[in-house]
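# Structural overview for review
Spelled out, the chains give:
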Amino acid sequence: MLCIWYIEVMDKKPEFIGRKYPEGLIKRSQDTMKEWRKDALEPFEGEIEKTADDLLMIGTVNDLITEELKKLGFEKESKITPEQIHLMPREVFIKKFPNNVNSKGLFQSTDQTIYINKGEADIRALMISAILHESIHLNSSDKYYRDPEGGISDARVGYRLNSLWKEAKNQNKLKGFNEFMVEFTVNRILERNARLLEERFGITEKDIEGTIYGVGFHPARVKIVETIVKKVAEYRNIDQGKVITDFERGQFSNTILALKDIDIVFGQGSIRILGFLDSFKNREHNAKIEKMIELYFVTEDLGERKKIKEEILSFAD
Ligand SMILES: [Zn+2]
């Protein structure tokens, strides 16, 4: 058993982008990341030991994501091992991640590790939604960047882009949209498997309604994505369901071409505008730009939209 998962986790070769790398550097960077991944499998002090029920939940999450990937047309399987997921009491989580005290979970791309805050994910419905959420990040398409000083960071996870080789005030482009799509996928998986969840974990349909979804799903973001989906569907003359499924698929695809129609329908530069959602470190900046982005997408008048675009760009750049 041990050998099988060991090989699977270690076989994944990260892709590097962002600059021309000297010969051998990519291979050395991949080896470094392999070591990080191996080290991150070790339990650490204060971690909660997983129960049989927790292990069943992790196995179920893998199965459900694999099934969803298959529905989207992918061959790949979710193969997250229990050792990649660390369950933590609130105090331990807060100590390790002081900037994420209210998070249910966190995914670290460079070592492919998931941390779950049991203080927040304290009931089964919240626990499975948290593990699903972080596991979708882990299964998303990813690319990395090694800076000349030797640091390695992610350049892409799902739709979220970090162009660290460019100087920019707001890295984490498309972060807000990415979080929305992750929550959308969690929601879709839970709804599709309601009966199984009830039988296996006693999670009822009422448990998986609304409140378990995070900030990714709050009203302004729902409005932004709904507006985009509606207009793109009209333009392509297809069902809105097909458009949102194409967006869902894009998280796991090698390119983010699934978004290209947004620029065609709303005008050049619209993907860039969407990209500013939740892209700042500062919370107030994010709240302010979210309102502007909502206004941009719901405004029908082209002249007006152009004016809003100017305002957004001068605020963001
Ligand atoms: Zn997330």
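This report concerns the structure included in the present document. No experiment lies behind these values; they were computed from the predicted model shown.

How each quantity is defined
- Residues numbered from 1 in each chain as written.
- Predicted model: local features only at pLDDT ≥ 70, side-chain atom pairs only at ≥ 80, totals over all residues.
- Helix = DSSP H or I, 4+ residues; strand = E, 2+ residues; numbered from the N terminus.
- Buried ≥ 20, exposed ≤ 12 C-beta atoms within 10 Å, placed from the backbone.
- Pairing = 2+ DSSP bridges.
- Axes fitted to C-alpha atoms, helices over the stretch in contact; angles between N-to-C directions.

Structurally, Leu313 can be placed in helix H13 (residues 302-316). Under the C-beta neighbour-count criterion, Leu313 is labelled partly exposed, with 13 such atoms within 10 Å. Remark: the alpha-carbon pair of Leu313 and Arg272, spanning 41 residues in sequence, is separated by 9.4 Å.

In this section: the sheet that holds strand E3 (residues 113-117). Read from one edge of the open sheet, three strands run E1-E3-E2, paired in mixed fashion. With partners counted over all chains shown, the strands left at the sheet margins are strand E1 (85-88) and strand E2 (105-108), one partner each. Each adjacent strand pair in this sheet contributes to an overall mean axis angle of 15 degrees, direction not counted. As judged from the four bridges shared by E2 and E3, these two strands associate in the antiparallel manner. Note that in E3 the partner of Leu106 across the bridge is Tyr115.

With that settled, consider the pairing of E1. A two-sided burial pattern is seen for E1, the buried positions comprising Ile85 and Leu87 on one face and His86 and Met88 on the other. Pairing of E1 with E3, which is carried by four bridges, proceeds in the parallel orientation. Directly across from His86, in E3, lies its bridge partner Tyr115.

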